[in-house]
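What follows is each chain in one-letter form.
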Amino acid sequence: MTEGFQVLLSSVPRVGRVEWIGVRPARREPMIVVDSVAAREGRGLSGDRFSGGASSKRQVTLIQSEHLSVIAELLGQARIDPALLRRNIVVSGINLLSLNGAQFTIGGALMEGTGPCHPCSRMEETFGPGGHSAVRGHGGITARVLSGGIVRIGEPVRFIRRSGGASDKQSELAF
């Protein structure tokens, strides 16, 4: 990767904001909307069904608030309830893809973006034909919790640094 490209990836001047938080208590159960949640190091969010190990890349899922209207438009709907997308945290004001392969804080927690959060086949069940396609490219990112803390609605989302472990392909996706 060229030095100039790395400089571009390391510049995220905007600070985002947490707009919505939800946890999935069990597979196929409705999301529970909360005002705050504890992010647990290596374990994801309290009350969420995540049960992977400390090295799992999918401890927390995040989606961009600005993409909800795009998904709604692609589905021919006025708006989309974030709970239907089954992501944990909705953020606004910062490009989530810039946090892929980077460390960032959300409230009191330190996280690391680990990859894109692709839609699953449930989007067809939830939204009908075309649901999966509507979410493609707008599904957000996955993250792991590096240091636990409380995440609340309204708290800032701040880029800290580019992680050393991101592959060139992941970094390209972040660009």
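## Notes on the overall build of the protein
And then number 1: Along the backbone of the protein there are six helices and eleven strands.
And then number 2: Expressed as a percentage of the 175 residues in the protein, the buried residues total 49%.
And then number 3: Put simply, 76% of the contacts in the protein that link residues at least 6 apart link residues at least 24 apart.
And then number 4: With an accessible surface of roughly 8500 Å², the protein has 50% of that area assigned to carbon and sulfur atoms.

## Some remarks on unusual backbone geometry
And then number 1: Of note in this structure, arginine 28 is not a glycine but carries a positive phi near 65°.
And then number 2: With respect to the helices, strands and loops of the structure, arginine 28 is situated in the loop between strand S1 (16-23) and strand S2 (32-34).
And then number 3: For arginine 28, a relative accessible area of 44% translates into the label partly exposed.
And then number 4: Although it is not a glycine, arginine 86 adopts a positive phi angle of roughly 60°.
And then number 5: One can find arginine 86 in the loop between helix H3 (82-85) and strand S6 (89-92).

## Considerations on the sheet that holds strand S4 (residues 44-45)
And then number 1: Strand order in this open sheet of three strands is S4-S3-S10, and the pairing throughout is antiparallel. Each having just a single partner strand, S4 and strand S10 (149-152) make up the two edges of the open sheet.
And then number 2: In this sheet, S10 lies alongside strand S3 (residues 36-40) in antiparallel orientation, the contact comprising four bridges. Paired with serine 36 across the two strands is arginine 152, which belongs to S10.

## Side note on the layout of surface pockets
And then number 1: In this model, the second largest pocket occupies a volume close to 230 Å³.
And then number 2: If you trace the second largest pocket, you find 17 residues lining it, with Leu97, Pro116, Gly137, His138 and Gly140 closest to the centre.
And then number 3: In the lining of the second largest pocket, the residues fall into seven nonpolar, nine polar and one charged.

## Focus: the pairing of S6
And then number 1: On S6, burial covers both faces: Ile89 and Val91 on one face and Val90 and Ser92 on the other are all buried.
And then number 2: Where S1 meets S6, four bridges bridge the pair, whose relative direction is antiparallel. Each bridged residue has a counterpart across the sheet, and for isoleucine 21 the counterpart in S6 is isoleucine 89.
And then number 3: Bridging between strand S5 (residues 60-64) and S6 involves three bridges; their strand directions are parallel. The partner of leucine 62 across the bridge, within S6, is isoleucine 89.

Rules used in this analysis
- Residues numbered from 1 in each chain as written.
- Predicted model: local features only at pLDDT ≥ 70, side-chain atom pairs only at ≥ 80, totals over all residues.
- Heavy atoms only, no water.
- Helix = DSSP H or I, 4+ residues; strand = E, 2+ residues; numbered from the N terminus.
- Buried < 20%, exposed > 50% of the residue type's maximum accessible area, 1.4 Å probe, protein only.
- Contact = heavy atoms within 4.5 Å.
- Areas by Shrake-Rupley, 256 points an atom, 1.4 Å probe, with all protein chains shown as cover.
- Pairing = 2+ DSSP bridges.
- 1 Å grid on protein atoms, 1.4 Å probe; cavity = no way out; pocket = protein on both sides within 12 Å on 5 of 7 lines; lining within 4 Å.
- Points joined across faces, edges and corners; volume = space filled by probe spheres on them.
- Nonpolar A, V, L, I, M, F, W, Y, C, P; charged D, E, K, R; others polar.

On their own, these measurements won't tell you what the molecule is for.
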